[in-house]
Amino acid sequence: MAKNILVIGGVGYIGSHTVLQLLLGGYKTVVVDNLDNASEIAVAKVKELAGYQGNNMTFHKLDLRDKAALEVVFAGTKFDAVIHFAGLKAVGESVQKPLPYFDNNLTGTITLLEVMAAHGCKNLVFSSSATAYGWPKVVPCTEEFPLQAMNPYGRSKLFIEEICRDVHRSDSEWKIILLRYFNPVGAHPSGKIGEDPRGIPNNLMPFVTQVAVGRRPALTVFGTDYSTKDGTVVRDYIHVVDLADGHIAALHKLDDPKVGCEVYNLGTGKGTSVLEMVAAFEKASGKKIPLVKSGRRPGDAEIVYASTEKAERGLNWKARYGIDEMCRDQWNWASKNPYGYESPNSTN
Ligand code: NAD
Ligand code: UFG
């Protein structure tokens, strides 16, 4: 019997890629999203890419904090597990407007946990973040490292992790996998789905991409005086399809009767500097990215990359793609959809 998975925030960047991998893997999915930071076109694209398995997906436009509406979704289907991506994620905005971040991320999660418990579904996979490591003293980051929030967004992730640990302590029927993502980039190789940020992109690769398609004149490099190989910060970039597959591995893990509330890094274990990433993108796209050197961005840690051992052992999962494939697929998506899902001349 195919398993039923509820995917909250499943129209967004990581969610849409995960829903596609779920469908292709034979799962049935119910997707919930308020479309606050996503386009409904992504739902149609995922359905199309999944072929006949696309019929195994239904979509509900609703806000996670709308408990009554969520109850209706749970009343309609018995879910084997929930994957919870929904949240606000712009670090800078969270500093300016902390309360909407805590309301959306915390209230949403608490509402979800309450409704899950009421319907006897106690299997959860949650999107946490490498931001939980703050500015790590050493690398690679292992899951046992001390946690540190650098901003309200990061704090919301730490709070939710703690809430999940407490919920599991209170009732051992809960099985919860907390996935700490490193830096997701790239797109599905078809070029039909990808990241489509609203407004000025906060993250490196969406910004680079918008320079390449002519939407912005140059990339501002925040900080060239770090103690790294070329002075720019080092991150662990991971292909979004690898990340999506990590969620399928986490679902398999939930079948293990010994699972309680566990945390896993999803990264590649490799550190890449900003300038190395720009060079890889230039090679993949054939486009020159003009650079403007600028001061450090407040709150940026110098070097962050993952220890991948625990995920390799515990989830039997390992990232397959490197930065060349990430940049190739990022460019494939962007060149076909220079204005994202709403591109007037989309070749999709
Ligand atoms: P995204 O914004 O593309 O996706 C999140 C989705 O959740 C969006 O489709 C949005 O419309 C939806 N959503 C938000 N609040 C909601 C609510 N109250 N009710 C229903 N739907 C709601 O972001 P993403 O990059 O796909 O990230 C997914 C998750 O992974 C987030 O929780 C994010 O914090 C986490 N994460 C992302 C990154 C990253 O760099 N992209 C890194 C680490 C962790
Ligand atoms: N950067 C630039 N110019 C830009 C954008 C980014 O130089 O226009 C630099 C940043 O200063 C940083 C590096 O590129 O040095 C990477 O920045 P990102 O914003 O792409 O990635 P972060 O590691 O800072 O943060 C991202 C998400 C967080 C998440 C974290 C997980 O924004 O939500 O990855 O590691 F928690």
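Each remark here, short or long, concerns the structure printed above.
Given the structure is predicted, the values throughout are model-derived calculations rather than measurements.

Helix and strand content of the protein: 11 helices and 13 strands. Its C-alpha radius of gyration of 19 Å places the protein within 12% of the 20 Å reference for a compact globule of 348 residues. Its C-alpha atoms put the protein at 55 × 45 × 40 Å along the principal axes. When contacts within the protein are restricted to residue pairs at least 6 apart in sequence, long-range pairs at least 24 apart make up 80% of them.

Another aspect to go through is the site of ligand 1. Taken together, 28 residues are adjacent to ligand 1, and Asp33, Asn37, Lys89, Asn104 and Tyr153 come closest. In the model, a nitrogen atom of ligand 1 is placed 3.1 Å from a nitrogen or oxygen of the Asn34 main chain. Within the contact set of ligand 1, a nitrogen atom lies 3.2 Å away from a side-chain nitrogen or oxygen of Asp63. Notes on ligand 1: free accessible area 820 Å², of which the protein chains cover 95%. Among the elements of the structure, helix 1 (13-24), strand 5 (123-129) and helix 6 (152-170) are those that each provide at least two residues to the shell around ligand 1. Examining the composition of the shell around ligand 1, we find that 3 residues originate from one element, strand 5, more than from any other.

Once that is clear, we can look at the nonpolar core. Within soluble globular proteins, side chains that are nonpolar tend to cluster in buried spots. Among the nonpolar cores identified, the biggest contains 44 residues, and Ile5, Leu22, Leu179, Leu251 and Leu315 are the most heavily contacted of them. Elements that contribute at least two residues to this core include exactly strand 1 (4-8), helix 1, helix 2 (41-49), strand 4 (81-84), strand 6 (175-181), helix 8 (240-254) and strand 11 (261-266). Residues within four places of Leu22 in sequence aside, it is in contact with Ile5, Val7, Tyr27, Thr29, Ile83, Ile248 and Leu251. If you look at the next biggest cluster of nonpolar residues, it comprises 26 residues, including Leu106, Phe126, Val167 and Val263.

The next thing to look at is the site of ligand 2. Close contacts around ligand 2 come from 21 residues, with Ser129, Asn203, Val233, Arg235 and Asp300 the closest. A distance of 2.6 Å separates an oxygen atom of ligand 2 from a polar atom in the side chain of Asn203. In this structure, an oxygen atom belonging to ligand 2 sits 2.5 Å away from a side-chain N or O atom of Asp300. Considering ligand 2 on its own, with 690 Å² of exposed area, one finds that the protein chains cover 90% of that surface.

The subject of this paragraph is the packing of helix 3 (residues 67-76) against helix 5 (residues 98-118). Viewed as axis vectors pointing N to C, helix 3 and helix 5 meet at an angle of 40 degrees, and their least axial separation amounts to 10 Å. Classified by the angle their axes make, helix 3 and helix 5 are oblique. Helix 5 is crossed by helix 3, and the crossing has right-handed handedness. Judged by residue contacts, Lys67, Leu70, Glu71 and Phe74 of helix 3 engage Thr111, Leu112, Glu114, Val115 and Met116 from helix 5. Of the residues belonging to the contact of helix 3 with helix 5, the class tally is 5 nonpolar, 1 polar and 3 charged.

Attention now goes to the pattern of salt bridges. Taken as a whole and assessed by the stated rule, the structure comprises 24 salt bridges. For the salt bridge of Asp63 with Arg65, the shortest nitrogen-to-oxygen distance reads 2.7 Å. What makes Arg65 partly exposed here is its relative accessible area of 30%. In this structure, the salt-bridge partner of Lys258 is Asp256, at a minimum N-O distance of 3.8 Å. Several salt bridges converge on common partners, so that one network encompasses Glu161, Glu162, Arg165 and Arg180.

Thresholds applied
- Residues numbered from 1 in each chain as written.
- Chains lettered and ligands numbered in written order.
- Predicted model: local features only at pLDDT ≥ 70, side-chain atom pairs only at ≥ 80, totals over all residues.
- Heavy atoms only, no water.
- Helix = DSSP H or I, 4+ residues; strand = E, 2+ residues; numbered from the N terminus.
- Rg over C-alpha atoms; globule rule 2.2 N^0.38 Å.
- Contact = heavy atoms within 4.5 Å.
- Near = heavy atom within 4 Å.
- Polar contact = N/O pair within 3.5 Å; in protein donor to acceptor, adjacent residues only side chain to side chain.
- Areas by Shrake-Rupley, 256 points an atom, 1.4 Å probe, with all protein chains shown as cover.
- Core = buried A, V, L, I, M, F, W, Y, C linked by side-chain atoms within 4.5 Å.
- Buried < 20%, exposed > 50% of the residue type's maximum accessible area, 1.4 Å probe, protein only.
- Axes fitted to C-alpha atoms, helices over the stretch in contact; angles between N-to-C directions.
- Parallel < 35°, antiparallel > 145°, perpendicular 65-115°, else oblique.
- Left-handed = near helix turned anticlockwise from the far one by under 90°.
- Nonpolar A, V, L, I, M, F, W, Y, C, P; charged D, E, K, R; others polar.
- Salt bridge = Lys/Arg side-chain N within 4 Å of Asp/Glu carboxyl O.

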